[in-house]
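So the chains spell out like this:
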Amino acid sequence: MKNTKLSNQIAIGAIITFLGMVLGKGLTYLYVALIARLGSSEYGLLSLGFTITLFLVTISMLGLNIGLTRYISFFIGKNNSKKIKGTILSSIKISLPVSLFFMMVLILFADKISINIFHNPNLIPILKLFSFTIPFIVLSNIFSSIMIGFKKVKYHIIINEVVENIVKLFLTFILIYLGYNLFGASIAYLISIIVTFILSLYFVQKKTFKIFNKKIKTEFITKELLIFSLPLFFAGFSDLIIKWSDVLLIGYFKTASDVGIYNATLATATLLTLVPTALMIIFLPTITNLYSKKNDKEIKKVSIRTSKWIFFCNLPIFIMLLMLSKDILRIMFGNEYIIGTTSFIILLFGYIVHSLSHTNSIILIMLKKTKTVLYVGIITSLSSILINLLLIPKYGIIGGAIGTSCALILNYLIYTFLAYRFTGIFVIKLFYIKFIISALLSAFIIYLLKDAVNLSIFSIIVLSIVFSFIYLILNILLKSFDKEDRYILSSFYNKFLRKG
């Protein structure tokens, strides 16, 4: 029963998180579609600006976001408020000066980066504007990690997924309508980041943990936190290389237009990260708390069930995106982006496999195997860069998609092996076959239906709902859900749907 309650806690928390992230992702997708309509070259320039800024933010964080969540959860289990406060202040003391340094670096070198590397002077004002977002994003990430560590996930979702995206989308639409186009989109992004920072600070201080309360004594763990986090920084930076090296290399070898087309396919393929990201926000603090209590049996059961739900939820998303790949790019971004269909399909296969690696990587973080995570990141990122360097000059965006997908699949294989070696946990089970059978039968029905309708955003949504309903019914008939799964589903129904 205890494991059932933990699984229920993760599932319900993840459902709330997922719904918030769906809304946030939907708003982000509308934002991407809006700026993509400016033209693939303009969208490509913004994509390069986002990518460069994200690299510098990741360096500034030094892996502290994951370290914060892990240590806060651990010290909550130990009921040690002094070390909780020390963990938070240590992370701010380390990351804020670094972020200010990189803000200045980007301002000073924006001209050289834009002209000498990406051969486009139109990138200069975008980089200079985006440079001011670096310290605000870093502090917002720290505050989000605090909220996640305290399991105040709803605050994180409201701020980062909903409010930020609403502000960004609304301001971008207004400024583009007024004729400011690319510059307007850049200003809107900067303002949305500042709003996110202010709200994050407020919700942490007033609703989560009073960082600046002098009554709570401080026990700094700066050295321990840094030793734990630095390998995660390099591993996270490696993951970022896998995700964005293709974008940067396409920008270097090809054109801004190619970057825009490729980034539209990438933004759509990463919809497959939505479910695992939602689950991992709850999964990490939960198993870390169990680890502090040395409850290995519960960790194994919760890990297997979490991976089961990732696969169950992600498979229909993958199938629908695959079946309607060309139509989705055309409807969301315009005819100019249809050329990216092959790249999109390749990326989908990489991301559906990679979605199963999240549980295994978090298990290693729980075990403090951060150096191992670092080595995995180095291996996979180097393979991504190598393949991209070989393929992008000749095959363009298709080469970038192949390089990224190969690295993502390699990442999954290594993490699966290591998680099994260190814990004996192997999350993939035979009941996955039932999910696959249900998905394929549902896909066949949708394939017959889609030719009978005029595809639009509305019809794609309707077909997705029909697919999900058939998929769920078939899994019930095939008895894909065990007693605990049914308990989770009934808990969700009683908590949300019945009250509604």
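Everything below is about the structure shown above.
The present account deals with the structure reproduced in this document. (Residues numbered from 1 in each chain as written. Predicted model: local features only at pLDDT ≥ 70, side-chain atom pairs only at ≥ 80, totals over all residues. Heavy atoms only, no water.)

**Brief notes about helix H18 (residues 432-450)**
Taking 1.5 Å per residue, 19 residues should reach 27 Å; H18 reaches 26 Å between its end C-alpha atoms and fits that length. Tyr-432, Phe-435, Ser-438, Ala-439, Ser-442, Ala-443, Ile-446 and Lys-450 are the residues of H18 that are buried. The arc that holds the buried residues of H18, viewed along the axis, is 140 degrees, so those residues lie on one side. Counted as exposed and oriented over 90 degrees from the buried face of H18: Leu-440, Phe-444 and Leu-448. Buried residues along H18 sit in contact with helix H12 (296-323) and helix H19 (457-477). (Helix = DSSP H or I, 4+ residues; strand = E, 2+ residues; numbered from the N terminus. Expected span 1.5 Å × (residues − 1). Buried < 20%, exposed > 50% of the residue type's maximum accessible area, 1.4 Å probe, protein only. Arc of directions from axis to C-beta. Contact = heavy atoms within 4.5 Å.)

**As for the environment of Asp-327**
Counting through the fold element by element, Asp-327 comes out in helix H13 (residues 325-333). On the basis of relative accessibility, which here comes to 18%, the residue Asp-327 falls in the buried class. Taking the C-alpha atoms as reference, Asp-327 lies 44 Å from Lys-368; in sequence the two are 41 residues apart.

**Focus: the packing of aromatic side chains**
Pairs of aromatic rings are described using the distance from one ring centre to the other and the angle between the two planes. On inspection of all chains with the given rule, the structure shows 21 aromatic pairs. Taken together, a centroid distance of 4.9 Å and an interplanar angle of 55 degrees make the contact between Phe-130 and Tyr-189 tilted. A residue pair is termed long-range when its members are at least 10 positions apart, and Phe-130 in helix H5 (residues 124-131) and Tyr-189 in helix H8 (residues 181-208) qualify at 59 residues. Tyr-189 sits in the buried class, given a relative accessible area of 12%. Geometrically, the ring pair formed by Tyr-202 and Phe-203 is edge-to-face, given 5.5 Å between the ring centres and 90 degrees between the ring planes. Among the residues examined, Phe-203 registers a relative accessible area of 17% and is labelled buried. Here a set of aromatic residues connected by ring pairs shows up, and it is made of Trp-309, Phe-311, Phe-312, Tyr-432, Phe-435, Phe-467 and Tyr-471. In this arrangement the basic side chain of Arg-70 is found over the ring face of Tyr-71, its NZ or CZ atom lying 5.2 Å from the centre. (Phe/Tyr/Trp six-rings, centres within 6.5 Å; stacked < 30°, edge-to-face > 60°. Lys NZ or Arg CZ within 6 Å of the ring centre and 35° of its normal.)

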